Amino acid sequence: MSLLEAQSFRPSSNPVGSAKLPAGAYVLSLASLPSFYAAAASAPSNAIHLFDRERLRNVHTLPGHADAITTLRSVPNVANAVSHALLSSGKDGAVKVWDERAGSAALRLTASTAGTPRALLSCDVSADGMIIAAGTELHCEDASILYWDPRSPAAPLRVHSSTHSEDITALHFYRNGKMLLSASSDGLVCTSNAEETDEDEAGVHVGNWGCSIAQAGWMHDIAGRPAVWASSDMETFSVWTSELDRLLDVDIRQPSVHRQDLTWVTDYLIGCHTTLQPLGDSDSDLCIFAGSNEGDIALITRPTFADPNAPWVLERTWTTGHAGVVRAALWDEGSNILLTGGEDSKINVWTAKGSSESVVLTKRGNDVDPMDIDEDDMSGRKKRRA
């Protein structure tokens, strides 16, 4: 397994802006709104901080959740009443749609069993804004996907408890329609019809990875066909077809570069991003943000995920901006910037535009000399000599 340096590769070590959360809180996740960037803070505040997009000033703080925030994302529409909304879920059993101008939740949905809140680990809103889904933590042998109609928020429309048997760690609606992707600590990646009232009929496809899944999401090939990516608690990474047949299963820590002028070693996956346009000669829209224990960030792609022998491509690195683990990366393509947040409480703003050259990441322990990268292939990328 190798990691190539992209033709547009450029390292960066100077954030163009920086901010810090109060009280030493970790930055858990980031989201983009038309006028603000939002950051979810760890305990003890569990607050959501809003930063203006031009100067990265903390202009407002939302009360967040009574317990840990587990999801923070922007959604285009909620019930045709709120556009470009900020959505969050927490271990306090609540899903909230925020009115950042009022500084409070415009909509609050709660999950409980016999009056006791059910911790929520994931949530999302359908593309038309008419269904909100949330995934629970395992409780009394049940882990459930709850569906609400946001126009009738008092109680869920339905509860599906047989899709997963452990914590439901990721939920993502497809960009159109009512297809819901879910992933869980039980090792399953599933797609479901969110409009189906009969739970036995709701399941569409199931993939069994056999390991605890931490993150998952949709992606697309160059023709626009959907596919799925997932990452595990053990830093393994997989790609699946839309029917959840596994195409790729790798240790995300394996691709690396060791050269006199450049070193990159991945320690963990931060998250993934689907681009408006595939980078370089990639046949998909998926980009991977990887992190190092020192607080550095790399953007990694792959020419194709269909070929398990295809090289990994190092597109960009952002270094020395954080100290320690980076928890969140948000690529704002419209503004051509990258926001990162970490356990050092810092939020950094970086330029995201590449400029001029590409490296092949090598597999750790590879017998090939990692310094020996000097021949050009037909694409203009560097290739390793045998």
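Residues numbered from 1 in each chain as written. Predicted model: local features only at pLDDT ≥ 70, side-chain atom pairs only at ≥ 80, totals over all residues. Heavy atoms only, no water.

A.B. asks: Run through the sheet that holds strand 22 (residues 226–232), naming residues and quoting values.
C.D. replies: An order of 21-22-23-24 is seen for the 4 strands of this open sheet, with the pairing classed as antiparallel. Only two strands of the sheet have a single partner each, and these edge strands are strand 21 (213–220) and strand 24 (246–251). Between one strand and the next, the sheet's axes are offset by a mean angle of 15°, whatever the strand orientation. Pairing of strand 22 with strand 23 (residues 236–241), which is carried by 5 bridges, proceeds in the antiparallel orientation. Counterpart to Val 228 in the pairing with strand 23 is Trp 240. (Pairing = 2+ DSSP bridges. Helix = DSSP H or I, 4+ residues; strand = E, 2+ residues; numbered from the N terminus. Axes fitted to C-alpha atoms, helices over the stretch in contact; angles between N-to-C directions.)

A.B. asks: I'd like a description of the pattern of salt bridges, backed by residues and values.
C.D. replies: By the definition in use, this model includes 13 salt bridges. One salt bridge connects Asp 52 with Arg 57, and the closest N-O pair in it is separated by 2.9 Å. Accessibility expressed as a relative area gives 9% for Asp 52, which makes it buried. A salt bridge links Lys 178 to Asp 128; the nearest nitrogen and oxygen atoms lie 3.1 Å apart. Note that Lys 178 is positioned in the loop between strand 17 (168–173) and strand 18 (179–184) and Asp 128 in the loop between strand 13 (120–125) and strand 14 (132–136), a separation of 50 residues in sequence. Put simply, Asp 128, Lys 178 and Glu 195 are held in one network by salt bridges that share partners. (Salt bridge = Lys/Arg side-chain N within 4 Å of Asp/Glu carboxyl O. Buried < 20%, exposed > 50% of the residue type's maximum accessible area, 1.4 Å probe, protein only.)

A.B. asks: Account for the nonpolar core, naming residues and giving values.
C.D. replies: Within the largest apolar cluster, 22 residues are counted, with the highest numbers of intra-cluster contacts made by Phe 237, Trp 264, Ile 288, Ile 300, Phe 305, Trp 312 and Leu 314. Of all the secondary-structure elements, those providing two or more residues to this core are strand 1 (3–12), strand 22, strand 23, strand 24, strand 28 (286–291), strand 29 (297–301) and strand 30 (312–318). Among the elements that line this core, the one with the most residues is strand 28, at 3 residues. Ignoring sequence-local partners within four residues, the contact set of Phe 305 consists of Met 219, Phe 237, Val 239, Leu 247, Leu 248, Asp 283, Ser 284, Leu 286, Ile 288 and Trp 312. If you look at the next biggest cluster of nonpolar residues, it comprises 17 residues, including Val 75, Ala 79, Leu 107 and Ala 111. (Core = buried A, V, L, I, M, F, W, Y, C linked by side-chain atoms within 4.5 Å. Contact = heavy atoms within 4.5 Å.)

A.B. asks: So what's going on with the sheet that holds strand 15 (residues 143–148)? Which residues, and what values?
C.D. replies: Pairing is antiparallel across the open sheet formed by 4 strands, whose spatial order is 13-14-15-16. Here the strands that pair on one side only, and so sit at the sheet edges, are strand 13 and strand 16 (158–164). Mean inter-strand twist for the sheet, computed between neighbouring axes without regard to direction, equals 20°.

A.B. asks: Tell me what's going on with the pairing of strand 5 (residues 48–52), and back it up with residues and numbers.
C.D. replies: When you tally the buried positions in strand 5, you get 5 out of 5 residues, the bulk of the element. Residues of strand 5 alternate between two faces, with Ile 48, Leu 50 and Asp 52 on one and His 49 and Phe 51 on the opposite face, all of them buried. Note that strand 4 (residues 36–41) and strand 5 share 5 bridges and pair antiparallel. Bridging across to strand 5, Tyr 37 finds its partner in Phe 51. What sits between strand 4 and strand 5 in their antiparallel hairpin is a turn of 6 residues, with Asn 46 showing a positive phi close to 50°.

A.B. asks: Break down the side chain of Thr 236 for me, citing the residues and quoting the values.
C.D. replies: One can find Thr 236 in strand 23. At a separation of 2.4 Å, a polar atom in the side chain of Thr 236 contacts the side chain of Ser 232. If we ignore the near neighbours within four places in the chain, the residues touching Thr 236 are Trp 209, Cys 211, Ala 230, Ser 231, Asp 249, Val 250, Asp 251 and Ile 252. (Polar contact = N/O pair within 3.5 Å; in protein donor to acceptor, adjacent residues only side chain to side chain.)

A.B. asks: Break down the UniProt feature "repeat: WD" (unreviewed entry) in the chain for me, with residues and values.
C.D. replies: Per the UniProt record, the feature "repeat: WD" (unreviewed entry) sits at residues 62–108 and 319–360. A distance of 14 Å separates the end C-alpha atoms of residues 62–108, which is 0% helix and 66% strand. (UniProt positions renumbered as here; feature names shortened; annotations may be inferred.)

A.B. asks: Talk me through the side chain of Thr 340; I want residue IDs and the actual numbers.
C.D. replies: With respect to the secondary-structure elements, Thr 340 resides in strand 32 (residues 337–342). At a separation of 3.0 Å, a polar atom in the side chain of Thr 340 contacts the side chain of Trp 350.

A.B. asks: Could you give me a rundown of the pairing of strand 21, with the residues and numbers involved?
C.D. replies: Counted residue by residue, strand 21 has 6 buried out of 8 residues, so it is predominantly covered. Two elements, strand 21 and strand 22, share 7 bridges in a ladder whose sense is antiparallel. When the sheet's bridge partners are listed, Met 219 is paired in strand 22 with Ala 227. Where strand 21 folds back onto strand 22 in an antiparallel hairpin, the turn is made up of 5 residues, including Gly 224, whose phi is positive at roughly 90°.

A.B. asks: Hey, could you go over the state of the cysteines for me, with residue numbers and the actual values?
C.D. replies: Taken as a whole, this structure holds 0 disulfides when the rule is applied. This cysteine, Cys 123, is not joined by any disulfide, and Cys 190 carries the nearest cysteine sulfur, 18 Å off. Cys 123 sits in the buried class, given a relative accessible area of 1%. Unpaired in terms of disulfides, Cys 272 finds its nearest cysteine sulfur in Cys 287, a separation of 8.8 Å. (Disulfide = S-S within 2.5 Å.)

A.B. asks: For unusual backbone geometry, give the residues involved together with the corresponding values.
C.D. replies: Omega for the bond connecting Ala 43 with Pro 44 falls within 30 degrees of zero, at 10°, which places this linkage in the cis form. Within the secondary structure layout, Pro 44 lies in the loop between strand 4 and strand 5. At Glu 235, a residue that is not glycine, the phi angle is positive and equals roughly 65°. Mapped onto the elements of the fold, Glu 235 is located in the loop between strand 22 and strand 23. Non-glycine residue Leu 244 carries a positive phi angle of around 65°.

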